[in-house]
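# Observations on the model geometry
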Amino acid sequence: MTPDLLHKPIEIFTGLSLAVQSKLKIKHDGWLQDTDILASPNFEQRPDNAEIDLIVVHGISLPPGEYGGGYIQQLFTNQLDPREHEYFAEIEGLRVSAHCLIERNGHLVQFVSFNDRAWHAGASCWQGRDNCNDFSIGIELEGCDDEGYTDAQYQQLARLVISLRKQYPALTEQALCGHSDIAPGRKTDPGPCFDWNRLNTLIHS
Ligand SMILES: [Zn+2]
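Now for a look at the structure at hand. All values reported here derive from a predicted model rather than from experimental measurement.

## Some thoughts on the overall build of the chain
Scanning the chain from N- to C-terminus turns up seven helices and ten strands. Rg of the C-alpha trace for the chain: 17 Å, near the compact-globule value of 17 Å for 205 residues, within the 12% margin. Each principal axis of the C-alpha atoms in the chain carries an extent, and together these give about 50 × 45 × 35 Å. Looking at the chain residue by residue over its 205 residues, the buried ones come to 35%. A separation of at least 24 residues holds for 71% of the contacts in the chain among residues at least 6 apart in sequence.

Shown next as structure tokens:
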């Protein structure tokens, strides 16, 4: 075995269920241990009485329909160059973030501590409560509404949801939704291809 192969993701050697079972650890400061961090300036403290009790799943690609350019990471850290693409010029000055991004290959990046308020939901409402950013955790999957997400993304998302529920007990089974559920008519992500049953099956495997 070449040294290179030794550093391949663990999933290749252990199969699907073991990959989900390997735990992600969340520290008390709200950051994942042993996970890549790109700290975003786009956050603030949650309101004093806010309990974290909702996970919002999103889909995003930049430019729309393209993957792997690193532009989502640049967007969430205010480093997107508007000269690189006409779409980037359209969204120049947009200040957004999510707590985490899961890339097409399953790679996980964290931008904002789970204890803080990321800027992912916008105008939104969940079960009669507005401003979902106050009480939610936003997880972006790299993808488009009209294309399925990858096995690696479902596995990583399941791992993350399992760990979040352990760390924040108010994140019940029902406290999981898509951006389109809290901003209907305005947002469509993660899109009709996102398979909620598949996610829930992995979480309970
Ligand atoms: Zn979204």
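## Remarks on the sheet that holds strand β10 (residues 176-178)
Sheet strands pair via backbone hydrogen bonds, and the direction of the pair is either parallel or antiparallel. In space, the six strands of this open sheet follow the order β1-β5-β4-β9-β3-β10, with mixed pairing throughout. Strands with a single pairing partner mark the edges of an open sheet, and in this sheet they are β1 (36-37) and β10. For strand β3 (residues 54-60) and strand β9 (residues 136-142), the ladder comprises seven bridges, and the chain directions are parallel. Across the sheet, the residue bridging to V56 is G138, located in β9. Contacts from helix α5 (residues 151-167) reach β3, β4 (100-102), β5 (108-110), β9 and β10, with the element oriented near 170° to β9.

## Topic: the nonpolar core
Residues I55, I139 and L157 are the most contacted members of the largest nonpolar core, which totals 43 residues. Those elements that place two or more of their residues in this core are β3, α3 (71-76), β4, β9 and α5. No other element matches α5, which puts six residues into this core. Contact partners of I55, with chain neighbours within four places excluded, come to S136, I137, I139, V161, L164, L171, A175 and L176.

## A short note on α5
Its 17 residues give α5 an end-to-end C-alpha distance of 25 Å, which sits within 8% of 24 Å, the value for a rise of 1.5 Å per residue. Among all positions of α5, only Q153, Y154, Q155, Q156, L157, A158, R159, L160, V161 and L164 are buried.

## With respect to unusual backbone geometry
Glycine aside, residues mostly have negative phi angles, and peptide bonds mostly take the trans form. At the junction of L62 and P63, the peptide bond is cis and its omega measures out at -15° in the coordinates. Note that P63 resides in the loop between β3 and α3. For the peptide bond that leads from D189 to P190, omega is 5°, which places it in the cis range. With respect to the secondary-structure elements, P190 resides in the loop between α6 (179-182) and α7 (196-203). Within the chain, D34 stands out as a residue other than glycine whose phi angle is a positive 55°. With a phi angle near 60°, N78 is a residue other than glycine that sits in the positive phi range. When you line up the elements, N78 lands in the loop between α3 and α4 (86-90).

## Side note on the environment of D146
Structurally, D146 can be placed in the loop between β9 and α5. Its 10 C-beta neighbours within 10 Å are what place D146 among the exposed residues. Here the alpha-carbon distance between D146 and I102, two residues 44 residues apart in the chain, equals 18 Å.

Reading guide: rules and limits
- Residues numbered from 1 in each chain as written.
- Predicted model: local features only at pLDDT ≥ 70, side-chain atom pairs only at ≥ 80, totals over all residues.
- Helix = DSSP H or I, 4+ residues; strand = E, 2+ residues; numbered from the N terminus.
- Rg over C-alpha atoms; globule rule 2.2 N^0.38 Å.
- Buried ≥ 20, exposed ≤ 12 C-beta atoms within 10 Å, placed from the backbone.
- Contact = placed C-beta atoms within 7 Å.
- Pairing = 2+ DSSP bridges.
- Axes fitted to C-alpha atoms, helices over the stretch in contact; angles between N-to-C directions.
- Core = buried A, V, L, I, M, F, W, Y, C linked by C-beta atoms within 7 Å.
- Expected span 1.5 Å × (residues − 1).

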